[in-house]
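A structural walkthrough
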Amino acid sequence: MDKPRTHALQWHPAFYADIQIELEEEAGLLVFENEHQLGTKPKEIDVLIVKKEAEVPIQKNIGRIFRKHNIVEYKSPTDYLSIDDFYKVYGYACFYKADTARADSIKIHDITITFVCHRYPRSLIRYLTDEIGYQITRVEDGIYYIIGDKIPIQLILTKELSENHNLWLKNLTDNLEDPEMVNRLIEQYAKHKENSLYKSVMNLIVRANQEKFKEVKAMCEALEELMKDELEAKKVEGITETILDLLFELGSVPELLQSEIMKQKNPEILKQWVKYAARADTVEAFEQKIRKAE
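The following refers to the structure shown. (Residues numbered from 1 in each chain as written. Predicted model: local features only at pLDDT ≥ 70, side-chain atom pairs only at ≥ 80, totals over all residues. Heavy atoms only, no water.)

**What about helix α5 (residues 179-191)?**
For α5, spanning 13 residues, the distance from its first C-alpha to its last is 19 Å, which sits close to the expected 18 Å at 1.5 Å a residue. Residues of α5 that are buried include every one of M181, V182, L185, I186 and Y189, and no others. All buried residues of α5 fall inside an arc of 140° around its axis, so they share one side. Away from its buried face by more than 90 degrees, α5 exposes E180 and K191. (Helix = DSSP H or I, 4+ residues; strand = E, 2+ residues; numbered from the N terminus. Expected span 1.5 Å × (residues − 1). Buried < 20%, exposed > 50% of the residue type's maximum accessible area, 1.4 Å probe, protein only. Arc of directions from axis to C-beta.)

Here it is in C-alpha cells:
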C-alpha cells in the first residue's frame with residue numbers, strides 16, 4: 001500500500017541547503033542567493049514571430065532564416081547590442097523552449113534568434129568570432145548570419161539594408177540624411193495612410209527627424225496634408241492634457257469629469273476650457289463654468 005502524501009515535496013529549499021554544505025569549505029569565497037530575481041521586471045521577448053505552417057518558407061529577406069518559433073531583439077538607433085545582450089536573448093530562447101507543458105514539445109532546431117540594431121556591434125562580433133569560434137556571413141545588404149550554433153541566428157543592421165527591399169526598417173532612425181529618402185517615405189505612406197501600422201512607423205520617423213522634414217518645405221507640407229488627422233488628434237490630446245494638469249493642481253478631479261474632458265474632440269471648445277481651468281479657483285468652479293457654456 002502506498003504511503004499517504006500530505007503535500008508535495010519541496011525539493012528546492014533542500015537543494016539550496018545541500019549545495020552550501022557541499023561548498024562549505026570555500027563558502028567564504030562565494031555568495032549564495034536563493035531564487036535570484038533576474039532584473040526588476042518580468043522578462044519579455046521584444047517580438048515573437050510564430051510561423052503558422054512550419055514547413056512553408058518565408059520569402060522576405062529578413063525572414064528567410066525563420067523556423068517555427070522566431071525570437072526578435074530590437075535595439076533603437078541610440079542603443080547598442082552588447083555581449084550581455086546576446087546572452088540575455090539566447091537565455092530567453094532557451095527559457096522559451098523549456099516553458100511548455102509537455103517536455104521537448106518545442107525542438108531547439110525550431111527556434112531562431114534575430115538581433116536588429118542600427119550600428120555594427122563590433123565588440124560582440126569580435127567576441128563571437130575570436131572567443132566562441134562562430135562565423136559571420138554577410139547574406140545581403142544589412143543581413144548577416146551567425147553560424148556555429150544549434151540555434152540559427154541572424155543580425156540585421158538597419159542602416160545597411162536595401163531601401164528597395166526594406167524601406168521602412170532601414171529608415172526607422174533618428175538620422176535621416178537624404179531628402180530623396182524623405183520624399184520616398186512620404187510617397188509610400190500616401191499609399192498606406194489608412195493602415196495603422198504605417199501610421200505608427202511614420203509618426204515615429206517624423207518625430208525623430210523633425211528638422212530634416214522641416215528642411216524640405218514642400219515635403220513637409222505634403223506630409224502635413226497626409227497626416228492632418230493624426231496631427232489634429234495630437235493637438236487635441238495636448239490641449240486635453242493641459243486642462244487636466246491645471247485641474248489637478250486645484251485638487252482631485254472626478255473620474256466622470258476626466259472622462260468628459262477626454263471625450264471632447266472640438267479644439268475650439270477645448271481652448272475655451274483651458275481658459276476656464278486657468279482662471280478657476282476650484283475644480284467645482286471649472287465644472288460649473290463649462291456647464292453654463294453648454
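From this point on, the discussion continues.
**Comments concerning the environment of T282**
By the element assignment, T282 lies in the loop between α11 (267-279) and α12 (283-293). Sequence separation between T282 and E249 is 33 residues, and the spatial gap between their C-alpha atoms is 9.2 Å. Side-chain polar atoms of T282 contact the backbone nitrogen of A285, separated by 3.0 Å. (Polar contact = N/O pair within 3.5 Å; in protein donor to acceptor, adjacent residues only side chain to side chain.)

**Quick notes on a nonpolar patch on the surface**
Taken together, the side chains of F15, I19, L23, L29 and L30 present a nonpolar region at the surface, about 460 Å² in accessible area. With respect to the helices and strands, the residue L23 is situated in the loop between α1 (11-22) and β1 (47-50). (Patch = residues over 30% accessible without salt bridge, like charges linked within 9 Å, V, L, I, M, F, W, Y side chains within 5 Å. Areas by Shrake-Rupley, 256 points an atom, 1.4 Å probe, with all protein chains shown as cover. Salt bridge = Lys/Arg side-chain N within 4 Å of Asp/Glu carboxyl O.)

**Focus on a negative patch on the surface**
Taken together, D18, E22, E24, E25 and E26 make up a surface patch of like negative charges. Along the chain, the position of D18 falls in helix α1. (Lys, Arg positive; Asp, Glu negative; His and termini not counted. Charge placed at Lys NZ, Arg CZ, Asp CG, Glu CD.)

**A word on unusual backbone geometry**
You will see that D104, though not glycine, has its phi angle at about 60°, which is positive. Residue position: D104 is located in the loop between α2 (83-98) and β3 (111-117).

**A few points about the nonpolar core**
With 21 residues, the main nonpolar core has F86, I111, I113, F115, I153 and L155 as its most contacted residues. Elements that contribute at least two residues to this core include exactly α2, β3, α3 (122-132), β5 (143-147) and β6 (153-157). Sequence-distant contacts of I111, defined by excluding residues within four places in its chain, comprise H69, I71, A93, Y96, K97, I106, I151 and P152. Ranked by size, the runner-up nonpolar core spans 16 residues in total, among them V236, L257, A277 and A280. (Core = buried A, V, L, I, M, F, W, Y, C linked by side-chain atoms within 4.5 Å. Contact = heavy atoms within 4.5 Å.)

**Notes on the side chain of D85**
Among the structural elements, D85 can be located in helix α2. Residue classification places D85 among the buried positions, given a relative accessible area of 13%. Excluding residues that lie within four positions of it along the chain, D85 makes contacts with K75, Y80 and F115.

**Overview of the environment of R138**
Tracing the chain through its elements places R138 in strand β4 (residues 135-140). Exposure remark for R138: the relative accessible area of 48% places this residue in the partly exposed category. Sequence separation between R138 and Q154 is 16 residues, and the spatial gap between their C-alpha atoms is 9.7 Å. Excluding residues that lie within four positions of it along the chain, R138 makes contacts with I143 and Y144. Polar side-chain contacts of R138 include one of 2.4 Å to the side chain of D141.

**A word on the pattern of salt bridges**
Scanning the model with the defined rule gives twelve salt bridges in all. Salt-bridge contacts for D85 lead to K75; the nearest nitrogen and oxygen are separated by 3.2 Å. Separated by ten residues along the polypeptide, D85 in helix α2 and K75 in the loop between β2 (69-74) and α2 bring together distant segments of the chain. Residues E287 and R291 are paired through a salt bridge, measuring 3.2 Å at the closest nitrogen-oxygen approach. Linking E287 with R291, this pair stays in helix α12, spanning four residues, or about one helical turn. Residue classification places E287 among the partly exposed residues on the basis of a relative accessible area of 26%. Each of E73, K75, D79, D85 and K88 takes part in a single network of salt bridges with overlapping partners.

**Here's the deal with the sheet that holds β1**
The six strands are arranged β1-β2-β3-β6-β5-β4 in an open sheet whose pairing can be described as mixed. Looking along the sheet, the strands with just one partner apiece sit at the ends: β1 and β4. When the angles between neighbouring strand axes are averaged without regard to direction, this sheet yields 25°. Note: β1 against β2, four bridges, orientation antiparallel. Its bridge partner being in β2, I49 is matched across the sheet by N70. The sheet contacts of α2 involve β1, β2, β3 and β6, and relative to β3 the element is tilted by about 150°. (Pairing = 2+ DSSP bridges. Axes fitted to C-alpha atoms, helices over the stretch in contact; angles between N-to-C directions.)

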